[in-house]
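Breakdown of the fold
Given next are the chains, with one letter for each unit.
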Amino acid sequence: MTKQKLSSNERREQILNALKQTAEPKTGKELSELYAVSRQVIVGDIALLKAQNEPIMSTSQGYIYMSQQEDTPRYERTIACCHNKEQTEEELNILVDHGVYVKDVIVDHPIYGEFKAVLHISNRVDVKKFKTQVDQSNAALLSELTGGVHLHTIAADEEELLDQAEQALRDQGFIVED
């Protein structure tokens, strides 16, 4: 589909509408191809939309418009974990196999303070995509900045699922104890 040249405002409006119409993440590459601009232009457009208080989240899978959804899990908690890069897939699989949604990862860097990255991982397909992106980009995980120590915000429809997932991580030695 060939797009006619849009003004910056028209393009941002169409990007916003495209994100609102799907629950699936849209990558910067997809959006740049759709609107025949560079990925950097899309990054700038997203930044401007966020500055206008549009609830757009940048995730490892792409951009998501965060509307209030009724299917949001009711229970949420933050857990402290520690493991090496090679154990990341195992950690995430344990969580999703227990019916838990992994919202984010947070690290507290001794110099720069808190870093938070939205993950939106809810199943093994998401885990595999995340691992593939990490492998292909050869990027360091946030947890590598803190010797493997990191936090996850996790959510589920039942508190018991959070308890079971946390215990399974504890059994593997991934939970940081007080």
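Note that the structure is a prediction, hence the values are computed from the model and not measured.

**Focus on the layout of surface pockets**
- By volume, the second largest pocket is sized at about 350 Å³.
- If you trace the second largest pocket, you find 21 residues lining it, with Leu 119, Phe 130, Val 134, Leu 141 and Leu 142 closest to the centre.
- Sorting elements by how many residues they give to the lining of the second largest pocket places helix 5 (residues 124-137) first, with 4 residues.
- Considered class by class, the residues forming the lining of the second largest pocket number 11 nonpolar, 9 polar and 1 charged.

**So, the confidence of the model for the protein**
- Of all residues in the protein, 94% have pLDDT values of 70 or greater, and the mean over the chain is 89.
- Within the protein, helix 4 (residues 88-97) carries the highest mean pLDDT (97), whereas strand 1 (residues 56-59) carries the lowest (82).

**Here we look at the pattern of salt bridges**
- Per the stated rule, a full pass over the model turns up 14 salt bridges.
- A salt bridge links Asp 97 to Arg 124; the shortest N-O distance between them is 2.6 Å. Placement of Asp 97 in helix 4 and of Arg 124 in helix 5 is noted, with a sequence separation of 27 residues between them.
- Put simply, Lys 131 and Asp 135 hold a salt bridge, and the shortest N to O gap is 2.6 Å. One end of the pair is Lys 131 and the other is Asp 135, both in helix 5 and 4 residues apart, which spans about a single turn.
- What you see here is one network of salt bridges that share partners, running through Arg 77, Glu 159, Asp 163, Glu 166, Arg 170 and Glu 177.

The rules we used
Residues numbered from 1 in each chain as written. Predicted model: local features only at pLDDT ≥ 70, side-chain atom pairs only at ≥ 80, totals over all residues. Heavy atoms only, no water. 1 Å grid on protein atoms, 1.4 Å probe; cavity = no way out; pocket = protein on both sides within 12 Å on 5 of 7 lines; lining within 4 Å. Points joined across faces, edges and corners; volume = space filled by probe spheres on them. Helix = DSSP H or I, 4+ residues; strand = E, 2+ residues; numbered from the N terminus. Nonpolar A, V, L, I, M, F, W, Y, C, P; charged D, E, K, R; others polar. pLDDT = per-residue confidence, 0-100. Salt bridge = Lys/Arg side-chain N within 4 Å of Asp/Glu carboxyl O.

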